[in-house]
Amino acid sequence: MGSVHDNDCKPVGSYPPSGIDVLIVGTGLAGLTASIECVRKGHNVRILERHDDINTAGDMYFMGHSATKFFRHWPELSKEYHLISMNNAWIETFKHDGERMITPLKVSDRLRQAGMDPNTPPGAFQMRPLIYRMYLNEVQRQGIKIQFGQRVIDYYEDQQRQKAGVVTEKGERFEADVVIAADGVGSKCQKLVGGKVKAMSSGRAMWRAAFPIHHLDKNPDLKEFLKMGGQSRNEPMVRTWLGPGTYAMVLVRKETCVWLMNHDVTGSEEENWTHTVESDDVLNNMDKGLGSSSWDPRIKELVKLTPSNTIVNFELFWRDPQPSWTSPGDRVVLIGDAAHSFLPASGNGATQAIEDAVSLATCLQIAGKQNVPEAVRTHVRFRYIRCSCAQKMGFSNAELLQHTDWEKVKVNPKLAQPKLPRWIWKHDPEQYAYDNYDKMVDTIRKGIPFDQVDSVPPNYPPGYKYKPWNIEDMLKDVEKATVDMGSGNWD
């Protein structure tokens, strides 16, 4: 069956060919990770992408330690990751009006203050363009074929033939032993796996912008304020602003400045990563709802000098948990955002998408070509409750960031940053699959419901008992600052 340990490196060629044909739809983090991990596990891989190229634009996201453990099997990719990572970053925290609440500290020192090992951080902010280029370099090294301009409009499976497939807008059909739907929220696969999940407006949106650092030269005072960390001023700096019902973040590193701000909808937002607005739209709306205490003038100066056609105004839609991730015959499976969308405050969307891909590739390798449906069912059992809990963490973090108690923060700075509990970042999805595959398969064969399994150690908060939840109730809790996470140890 195989196993791995923290220092093991099992590169491509370590596993025999499985003969499993895998078709992946989508080139987000979930899809790209699935492609290289499936190759490493001996599967045959093809990728379909609806666009004519891969979008490597964007700003930043948080990548948890649990999502990067598998990098040890990819020497070149791992080397690139360490070169682009911000392991030496600093962090500083303000009230939204500009009052400094937590002085600049190295992230490692913040971790030490929180009783964590600074040499093993729970994760790090990463630049999306750099991460995507890193992945694409590995995809190219492995010779993985990506067919561009293939917009998938339907998914199907043929249980008698033991195949699954997709139909594209051009009328072409592609088949494989298993189809991985990694095509994001609103995947056309939802119809096959149990219905489309209703999207509900949150009433919130995010302004997000990333641009070359030289634009700060337009305002020397602002450039001085946004200086990087360290004695030589050459180490990345993350600054956060927390206000009533809102928060902002600015990242400055050698070549790039990134800023983002959570805000009430203004009428100009769309759920579209290419939709931009101009700085006047931000400046005219950012103080609304703040009463007499407006945003830090330095944030406004940053907005003013942001280049045209750079600020994305992305509307945030909440979605109930997808009730099923697989087709009736378990040969089509959702992963990443297609299976479980996350709130921006969760810091978990990228992490769980990558974990999904690693888990699924491993389960397929363990099961073999004759047991693909079993592998898919087992993978989903490994992932469903964990992802449900990780989604709920997003609501807890939203409450934390939008209802900051500054008196408590003065005593405990941890209360001014999103929660990153051990059960999230200590997890290893690959090792977990090797350790627990047979035990979880046994629960399926015995007909034990997924939420009553007690023979497999949890990869979610210890002591937690699964309870279904919905977005409407969770949002009410956030507004009341009374988010109930349920049973178990969530720290």
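Residues numbered from 1 in each chain as written. Predicted model: local features only at pLDDT ≥ 70, side-chain atom pairs only at ≥ 80, totals over all residues. Heavy atoms only, no water.

Draft legend 1. Fine view of the packing of aromatic side chains. Per the counting criterion, the structure on display carries 15 aromatic pairs. Taking 5.3 Å as the distance between ring centres and 70 degrees as the angle between the ring planes, the aromatic pair formed by Phe-382 and Tyr-432 counts as edge-to-face. Taken together, the residues span a long stretch of sequence, with Phe-382 in helix α11 (residues 372-402) and Tyr-432 in helix α14 (residues 429-445) at a distance of 50 residues. Using a relative accessible area of 12% as the deciding quantity, one classes Tyr-432 as buried. Three or more aromatic residues joined by ring pairs form one cluster here, namely Trp-325, Tyr-384, Phe-450 and Tyr-466. Above the ring of Phe-225, the side-chain terminus of Arg-239 is found at 5.3 Å from the ring centroid. The aromatic ring of Phe-225 is capped on one face by Arg-298, whose charged end is 4.0 Å from the ring centroid. (Phe/Tyr/Trp six-rings, centres within 6.5 Å; stacked < 30°, edge-to-face > 60°. Helix = DSSP H or I, 4+ residues; strand = E, 2+ residues; numbered from the N terminus. Buried < 20%, exposed > 50% of the residue type's maximum accessible area, 1.4 Å probe, protein only. Lys NZ or Arg CZ within 6 Å of the ring centre and 35° of its normal.)

Draft legend 2. Expanded view of the side chain of Asp-296. Topologically, Asp-296 is positioned in the loop between α8 (279-283) and α9 (297-305). There is a polar contact of 2.9 Å between the side chain of Asp-296 and the side chain of Arg-298. In this structure Asp-296 touches His-96, Asp-97, Gly-98 and Trp-241, once residues within four positions along its chain are discounted. (Polar contact = N/O pair within 3.5 Å; in protein donor to acceptor, adjacent residues only side chain to side chain. Contact = heavy atoms within 4.5 Å.)

Draft legend 3. Local environment of the sheet that holds strand β15 (residues 256-264). With mixed pairing, eight strands are arranged side by side in an open sheet as β5-β4-β13-β14-β15-β12-β17-β16. Edge positions in the sheet fall to β5 (100-106) and β16 (276-277), since each has one partner strand and no second. Across four bridges, the pairing between strand β4 (residues 90-95) and β5 is antiparallel. Looking across to β5, one finds that Thr-93 is bridged to Ile-102. On the sheet, α9 packs against β4, β12 (199-212), β13 (237-243), β14 (246-252) and β15 and is oriented at approximately 115 degrees with respect to β15. (Pairing = 2+ DSSP bridges. Axes fitted to C-alpha atoms, helices over the stretch in contact; angles between N-to-C directions.)

Draft legend 4. Here's a closer look at the packing of helix α1 (residues 29-40) against helix α10 (residues 349-367). Where α1 contacts α10, the axes come no closer than 8 Å and their chain directions differ by 30 degrees. The angle between α1 and α10 places the two elements in the roughly parallel class. When the axes of α1 and α10 are compared, the crossing they make is right-handed. Across from Leu-29, Ala-30, Thr-33, Ala-34, Glu-37 and Cys-38 in α1, the residues of α10 making contact are Ala-350, Ala-353, Ile-354, Ala-357, Val-358 and Ala-361. (Parallel < 35°, antiparallel > 145°, perpendicular 65-115°, else oblique. Left-handed = near helix turned anticlockwise from the far one by under 90°.)

Keep in mind these values describe shape, not function.
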